[in-house]
Protein chains: 2
Amino acid sequence: MIEVEVKVRADHSKIRPLLEKIGANKIGVEEQSDTYFSAPYRDFANTDEALRIRSLGGQAVLTYKGPKLDKVSKTREELETPVDEATTAKIFRALGFSEAGAVRKKREIFRAGEVIVCLDAVEGLGEFLEVELDVEDEKDLESSREKLFEFLSQFGVDEKDSIRTSYLEMVLGKKN
Amino acid sequence: MIEVEVKVRADHSKIRPLLEKIGANKIGVEEQSDTYFSAPYRDFANTDEALRIRSLGGQAVLTYKGPKLDKVSKTREELETPVDEATTAKIFRALGFSEAGAVRKKREIFRAGEVIVCLDAVEGLGEFLEVELDVEDEKDLESSREKLFEFLSQFGVDEKDSIRTSYLEMVLGKKN
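Residues numbered from 1 in each chain as written. Chains lettered and ligands numbered in written order. Predicted model: local features only at pLDDT ≥ 70, side-chain atom pairs only at ≥ 80, totals over all residues. Heavy atoms only, no water.

1. Structural notes on unusual backbone geometry
All names here are of chain A. Spelled out, the test is: The helix count covers DSSP runs of H or I at least four residues long, the strand count covers runs of E at least two residues long, and both are numbered beginning at the N terminus. Per-residue accessibility, obtained with a 1.4 Å probe over protein chains only, is compared with the maximum for each type, and a residue is labelled buried under 20%, exposed over 50%, and partly exposed between these values.
The backbone of aspartate 48 sits at a positive phi, close to 60°, despite the residue not being glycine. Checked against the element boundaries, aspartate 48 lands in the loop between α2 (44–47) and β3 (50–56). You can call aspartate 48 partly exposed: its relative accessible area is 21%.

If you want it as structure tokens, here you go:
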């Protein structure tokens, strides 16, 4: 599965009424606590990969993200499996991986047609809007990306607002 | 958790009546299909570690085994978490790990007091007997190992019969 994703800075108090206006449904709220790992043998910052354990309310998911596949969105391969959080962290530490950083956020999730909309309030970074489409086939990437930017135009957002820097990079104070 | 474990070659048809005689309870039968991974940055055969995904009847477990902690048994740290099998294999491949080999076996599991007894019929290798005790504290390793060899003496097995070579190493044709 490939996740086509666009992220922008956004004032949630301005986005909420617009979401309501277009009939978006709130489908969940998650308190997400993410721990990112560094590999002992390659630099994920250079290879543009990420390995993360996300904890959300007693459950945990291990996620691998491959390199971004284009220059304007955050489209990339994502692989996810449920895991036991503490043991999985111990396994990666035993394998020589180390903790690269942590990101904590409150994520409100909405569905608007086929688009997933996330209002993220990230500890230490502020408020963001993320929109997502899941794509099975690489040939649909561009059309999906166009759909997302068309969707975002309703909120007064355009391509130049797109942020490709990850929350982790922002937390670590890196520049894109 | 540390697993104190002793493995020996054994003819199951001779072990079964003895297990019955000492009142061991059969607690399960598993068809285990194990895939072992190699790391791109260190040789698990040299470091005496193992990383494995075990599939058993639709469920899967990721296991890391640390180096053996003594010279006569297979005692080592074990870390285990339930995972989605196919996705976890994809994650490790994406991280640069590769499949080192596979072991398939039928394992019948018995409990005799605090000892777990496994009758393993391993594809291509034959029949084995494994006995196990789980230990919380490293100071109990030696006494647990002694308990296991005392337990095994009932089956006419002693320390010199102990095999420390893993099934994977045997499958790959390595010598201990």
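From this point, things continue past the structure.
2. Details of the pairing of strand β6 (residues 98–112) of chain B
Residue and element names in this part refer to chain B. For clarity, the threshold we go by: Strand pairing follows a simple DSSP-based rule, namely that at least 2 bridges must link the two strands.
Both strand β2 (residues 25–38) and β6 contribute to a ladder of 13 bridges, which runs antiparallel. Note that in β6 the partner of serine 38 across the bridge is serine 98. Here β6 runs beside strand β7 (residues 115–122); their pairing, made up of eight bridges, is antiparallel. Counterpart to arginine 107 in the pairing with β7 is aspartate 120. Counting the residues that bridge the hairpin from β6 to β7 gives two residues, and of these glycine 113 lies at a positive phi of roughly 65°.

3. A few points about the environment of Gly124(B)
All names here are of chain B. When you line up the elements, glycine 124 lands in the loop between β7 and β8 (126–135). On the accessibility criterion, glycine 124 (82% relative accessible area) is exposed. Note: C-alpha distance between glycine 124 and methionine 170 (46 residues apart in sequence) is 9.4 Å.

4. Let's talk about the sheet that holds strand β2 (residues 25–38) of chain A
Residues and elements named next belong to chain A. Quick reminder of the rule: Every axis corresponds to a line fitted to the C-alpha atoms, with the helix fit spanning only the stretch in contact, and the corresponding angles, defined between N-to-C directions, vary from 0 to 180 degrees.
Within the closed barrel, the eight strands sit side by side as β1-β5-β4-β3-β2-β6-β7-β8. Their pairing is antiparallel. Across this sheet, the average inter-strand angle for adjacent strands is 35°, counted without regard to direction. The pairing of strand β1 (residues 2–9) with strand β5 (residues 76–82) spans two bridges and is antiparallel. Within the sheet, the bridge partner assigned to isoleucine 2 lies in β5 and is glutamate 77.

5. So, the UniProt feature "domain: CYTH" (unreviewed entry) in chain A
This is how it is decided: UniProt positions are given in the numbering used here, feature names are shortened, and annotations may be inferred rather than shown by experiment.
The feature "domain: CYTH" (unreviewed entry), as given by UniProt, occupies residues 1–173 of chain A in the numbering adopted here. Measuring from the first to the last C-alpha atom of residues 1–173 of chain A gives 30 Å, for a span that is 24% helix and 44% strand.

6. Considerations on the pattern of salt bridges
All names here are of chain A. Where we set the bar: What makes a salt bridge here is a side-chain nitrogen of Lys or Arg within 4 Å of a carboxyl oxygen of Asp or Glu, nothing more.
Under the defined criterion, the tally for this structure stands at 32 salt bridges over all chains. One salt bridge in this structure joins aspartate 140 and lysine 139, with 3.5 Å as the shortest N-O distance. The class for aspartate 140 is partly exposed, based on a relative accessible area of 30%. In this structure, a network of salt bridges that share partners links the residues Arg16, Lys26 and Glu108.

7. Digging into the interface of chain B and chain A
Test applied: The criterion used for residue contact is that any of the two residues' heavy atoms lie within 4.5 Å. The term buried area means the drop in 1.4 Å probe accessible area that two parts suffer when joined, counted for both and summed. Any N or O atom pair separated by 3.5 Å or less is treated as a polar contact, with the protein-specific requirement of one donor-capable and one acceptor-capable atom, and with residues adjacent in sequence counted only for side-chain atom pairs. For this scheme, ten residues count as nonpolar: Ala, Val, Leu, Ile, Met, Phe, Trp, Tyr, Cys and Pro. Four count as charged, namely Asp, Glu, Lys and Arg, and the remainder, Gly too, count as polar.
Facing 23 residues of chain B, the contacting portion of chain A comprises 23 residues. Carbon and sulfur atoms supply 75% of the area that chain B and chain A bury against each other, a total of about 1,800 Å² over both sides. The three residues of chain B that bury the most area against chain A are Tyr41(B), Ile91(B) and Leu95(B), which together make up 33% of that side's buried surface. Our count for the chain B to chain A interface comes out at zero salt bridges. There are eight residue pairs in polar contact (both at pLDDT 80 or more) connecting chain B and chain A. For the side of chain B that touches chain A, the secondary structure elements donating two or more residues are β4 (59–65), β5 (76–82) and α3 (85–94) of chain B. In terms of residues, the side of chain B that touches chain A owes the most to one element, α3(B), which gives six residues. A per-class count over the side of chain B that touches chain A returns 14 nonpolar, four polar and five charged.

8. Quick notes on the relation of the copies chain B and chain A
So the rule is basically this: A least-squares fit on C-alpha atoms brings the copies together, and the residues used are those whose pLDDT is at least 70 in both copies.
When chain B is brought onto chain A, the operation consists of a screw motion whose angular component is 180° and whose axial shift is 0.0 Å, with 0.0 Å RMSD remaining. Those values place the two copies in the arrangement expected of a two-fold rotation axis. In this assembly, 100% of the residues forming the interface of chain B have copies in chain A that are likewise at the interface, indicating an isologous arrangement.

9. Examining the packing of aromatic side chains
This is how the line gets drawn: Pairing of aromatic rings covers Phe, Tyr and the six-membered ring of Trp, with a centre-to-centre limit of 6.5 Å; geometry is then stacked below 30 degrees between planes, edge-to-face above 60, and tilted otherwise. As a reminder, the over-ring test applies to NZ of lysine and CZ of arginine, requiring each to be within 6 Å of the ring centre and within 35 degrees of the ring normal.
Going through the model one piece at a time under the given rule, you end up with 14 aromatic pairs over all chains. Between Phe92(A) and Phe92(B), the ring centres sit 5.8 Å apart and the planes meet at 15°, which makes this aromatic pair stacked. Of the two residues, Phe92(A) is situated in helix α3 (residues 85–94) and Phe92(B) in helix α3; the pairing between them involves two chains. Each member of the pair, Phe92(A) as well as Phe92(B), carries the same accessibility label: buried. Seen in terms of ring centroids, Phe128(B) and Tyr167(B) are 5.1 Å apart; in terms of plane orientation they differ by 65°. Their pairing is edge-to-face. Of the two residues, Phe128(B) sits in strand β8 while Tyr167(B) sits in helix α5 (residues 167–171), which places them 39 residues apart along the sequence. An aromatic cluster is defined as three or more aromatic residues linked by ring pairs; in this entry it consists of Phe37(A), Tyr41(A), Phe92(A), Phe97(A), Phe37(B), Tyr41(B), Phe92(B) and Phe97(B). Taking the ring centre of Tyr167(A) as reference, the NZ or CZ of Lys7(A) above it sits at 3.7 Å.

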